[in-house]
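Tertiary structure, described
Spelled out from the first residue to the last, the chains are:
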Amino acid sequence: MEMEIAIALGCSVGFTFGGLVFVAYKLGLLYQLFLHKTETQSPRHGGESVAEVLRAHEVKFVFTLVGGHISPILVACEKLGIRIVDTRHEATAVFAADAVARLSGTVGVAAVTAGPGLTNTVTAVKNAQMAESPLLLIGGAAATLLQGRGALQDIDQMSLFKPLCKFCASVRSVREIVPTMRKALAIAQSGTPGPVFIEFPIDTLYPFHLVSKEFGVKNPPKGLMGKVVTWYLHNHLKNLFAGAWETRDVSPLPVHIPQATDDQVQKCIELVSRAKKPVILLGSQATLPPTPTDDIRVALESLGIPCFLGGMSRGMLGRNSPLHIRQNRKYALMDADLVLLAGTVCDFRLSYGRVLNRRSKIIAVNRDKTQLLKNSDMFWKPNVAIQGDAGSFLLRLSKGLMGHKCPEDWPQRLKAGEVTKEKANRYTIYLASWAESQLFFLCFFFLYIANNLHANESVHLVHQTQTVHVVLVPCESVFCSVCFLCRGKADEKTDCHLNPLSVLHRVDELMADDSIIVADGGDFVGSAAYIMRPRGPLRWLDPGAFGTLGVGGGFALGAKLCRPESEVWIIYGDGSLGYSVAEFDTFTRHKTPVIALVGNDACWSQISREQVPILGSNVACGLAFTDYHIVADGYGGKGTLIGREDEDKLDDIIKEAQKETREGRATLLNVLIGKTNFREGSISV
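Going by the annotation in an unreviewed UniProt entry, the name recorded for the protein is 2-hydroxyacyl-CoA lyase 2, with Oncorhynchus mykiss given as the source organism. Listed in UniProt under the heading Subcellular location (unreviewed entry), the comment for the protein reads: "Endoplasmic reticulum membrane". Listed in UniProt under the heading Sequence similarities (unreviewed entry), the comment for the protein reads: "Belongs to the TPP enzyme family."

Another point: unusual backbone geometry. Cis geometry is found at the peptide bond from Pro289 to Pro290, where omega equals 15°. Examined against the element boundaries, Pro290 turns out to sit in the loop between strand 7 (278–282) and helix 13 (293–303). Notably, Gln153 is not glycine yet its phi reads approximately 60°, a positive angle. Mapping Gln153 onto the fold places it in the loop between strand 4 (135–141) and helix 8 (157–161). Taking relative accessible area as the criterion, Gln153 reaches 28% and is therefore assigned partly exposed. For Ala602, which is not glycine, the phi torsion reads 55° and is therefore positive.

Spatially, the six strands line up as an open sheet ordered 17-16-18-19-21-20, and their pairing is parallel. Looking at the sheet topology across the chains shown, the edges are occupied by strand 17 (540–541) and strand 20 (638–642). Along the sheet, helix 20 (residues 523–531) contacts strand 16 (516–520), strand 17, strand 18 (568–573) and strand 19 (595–600); its crossing angle with strand 18, the most-contacted strand, is approximately 135°. Along the sheet, helix 21 (residues 552–562) makes contact with strand 16, strand 17 and strand 18, crossing strand 18 at roughly 175°.

Quick look at the side chain of Arg102 now. The residue Arg102 is located in helix 5 (residues 90–104) in this model. At 3.5 Å, the side chain of Arg102 forms a polar contact with the backbone oxygen of Pro543. Leaving out residues up to four positions away in the same chain, Arg102 has contacts with Asn127, Ala131, Ser133, Met312, Leu538, Leu541, Asp542, Pro543 and Phe555.

Next up on the list: the sheet that holds strand 7. Here we have five strands laid out as an open sheet, ordered 8-7-9-10-11, and parallel in their pairing. One side of each edge strand has no neighbouring strand; the edge strands of this open sheet are strand 8 (307–309) and strand 11 (384–387). Averaged over all pairs of adjacent strands, the angle between their axes in this sheet comes to 10°, without regard to strand direction. In this sheet, strand 8 lies alongside strand 7 in parallel orientation, the contact comprising three bridges.

With that settled, consider the pairing of strand 7. Burial of strand 7 is extensive: five of the five residues sit out of reach of the surface. Where strand 7 lies against strand 9 (residues 338–342), five bridges are found, and the strand directions are parallel. Directly across from Val279, in strand 9, lies its bridge partner Val339. Each parallel crossover has a hand, and for strand 7 linked through helix 13 to strand 8 it is right-handed.

The buried fraction of strand 16 is high, at five of five residues. Neither face of strand 16 is exposed, since Ile516, Val518 and Asp520 on one face and Ile517 and Ala519 on the opposite face are all buried. Two elements, strand 16 and strand 18, share five bridges in a ladder whose sense is parallel. Paired with Asp520 across the strands is Tyr572, a residue of strand 18. Summarising the sheet, strand 16 and strand 17 pair through two bridges and their orientation is parallel. Looking across to strand 17, one finds that Ile517 is bridged to Trp540. A crossover connection joins strand 16 to the parallel strand 17 through helix 20; in handedness this β-α-β unit is right-handed.

We now examine helix 5. Along its 15 residues, helix 5 runs 21 Å from first to last C-alpha, staying within 8% of the 21 Å computed at 1.5 Å per residue. Counting buried positions along helix 5 yields 14 of 15 residues, so the element is predominantly enclosed. In the segment just after helix 5, Gly105 is the residue with positive phi, at about 80°.

Conventions we followed
Residues numbered from 1 in each chain as written. Predicted model: local features only at pLDDT ≥ 70, side-chain atom pairs only at ≥ 80, totals over all residues. Heavy atoms only, no water. UniProt positions renumbered as here; feature names shortened; annotations may be inferred. Helix = DSSP H or I, 4+ residues; strand = E, 2+ residues; numbered from the N terminus. Buried < 20%, exposed > 50% of the residue type's maximum accessible area, 1.4 Å probe, protein only. Pairing = 2+ DSSP bridges. Contact = heavy atoms within 4.5 Å. Axes fitted to C-alpha atoms, helices over the stretch in contact; angles between N-to-C directions. Polar contact = N/O pair within 3.5 Å; in protein donor to acceptor, adjacent residues only side chain to side chain. Right-handed = clockwise from strand over helix to strand, strands pointing away. Expected span 1.5 Å × (residues − 1).

Here is the structure:
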């Protein structure tokens, strides 16, 4: 009995002691006890610690929309030489940080104030997550003791960002800033890159003497309760700053990047060496550090395998590479005996994997296991699935296949098919009557025999009352006594205004070789993706799989800051322009001259094209031919309206816009465009 009492008593004492130790730990008493002093006279503040870590990680820009919660961070960064770039919307700040991350290979950083400042970034953060961009979002927050008590702009911010970010943390004391920042920056770049979020309560950022004023109790309750409250507040304040200014390591932590095993690489070498018709589908992941894009280009050229490029990998092989195939991907995949998915995902862009031939050998390489095997349980199955870095894998594959090259007739055949399809859009013959179409066939037959016209070309016959898409193979040019109107789709006259295809062709021909193209829109941008050819790797920026509208202003801002010598073009639809046209003010203030090309057809055309024939209404799709050029003028840029009457001067107008940007002025070309059938059947849902 006595033994049982002793055991019970011992357990009670142990639990009590353990509880007291836990409480002491939570209150910071143990930390303070072990000689971690609170320097009450120090003028330093937490923003300085944030800035020191960012500088150590070679962060050059912090994008922001200012707010009192984060002012100490911005001021400290500026003092350390980190450029603060303030935008007109918080989403733009995150989009700009995203662009910097993609183009520089470092972590992009955005800092916004608490509450609505953070909620305004949600779409942009989700876009960065799906685009796999390493990004640090810094957010202000209510003071540590006031969270959940109705403070200004106080919400549960952590719950918002946990589903969107790889790592989320709320700093609870100044001494936590450095280790939390280092950890977050390493996680953002490790594995599959993505956004991370750190919440900084306002009392962790301002100096002790200012914070202490807010903690003072003017009329504390009398008696024991008053003493307890006063002690608790005083202890909380001391714990906030205890050990705050002790020397800490601010250097970057190691970044973990998954790699293919030697056995996996060897198996792939054997599969590729036996393939007669291999194809590579290159995704944005191939452009991620640590492998330089120039090294990847050399590896691809050494392999000699035809490539389809998507996302940030557009331009990887230059403008006119014989290995870069732009057309007929579906048919190439059906015919291929081996497909290498290098950072490419079998989502809607590959019809969830249904376009892959089940008889093909499939190698899939992706840093993210979920993306690596997406839809493999239904429509496709990889022969080799590698959770690893695509760029590094391609270099090792090329090295292992040194001396081996893909059979030359295969890429040549795919390139010929590409030429065929592109020329199919060059000629449209308008027939006054169906009888004339019959006469055309007869004339064409004799012309083909007489002139030995080149094969692999196509013609579309368009009747006055109905469109008859007839492919005639071969033909290159048609000369006939019958009067036909023959011109390329880009040369067709639209019902009103300019032909958008013609405009895009002119811009593509005139843009500088170092140009970066930012894509922000639907129908007009979809046409641009077909026509415009990035000059090199990392020279095409689009939102990625999320398909977000509104990225234009932020992406262009980040791109121009990373590559100030480059010509930066934003290809806008008139609908998407509305999201970020105010950033012309940012371009002006921060001297980041870009060129915005706006395809203004007064409509959300990509939606209207399907909504009208299916549902019989254009509701909510109509816009107006708004004077966006005047808006740009108002923000300090240079706006130009371009209509059909300016068609002959289009080249001169484009060259003048380029001259304006070289002289430091952002320009906007408000191009009034008409409708074409170029993108009929394109996906809008």
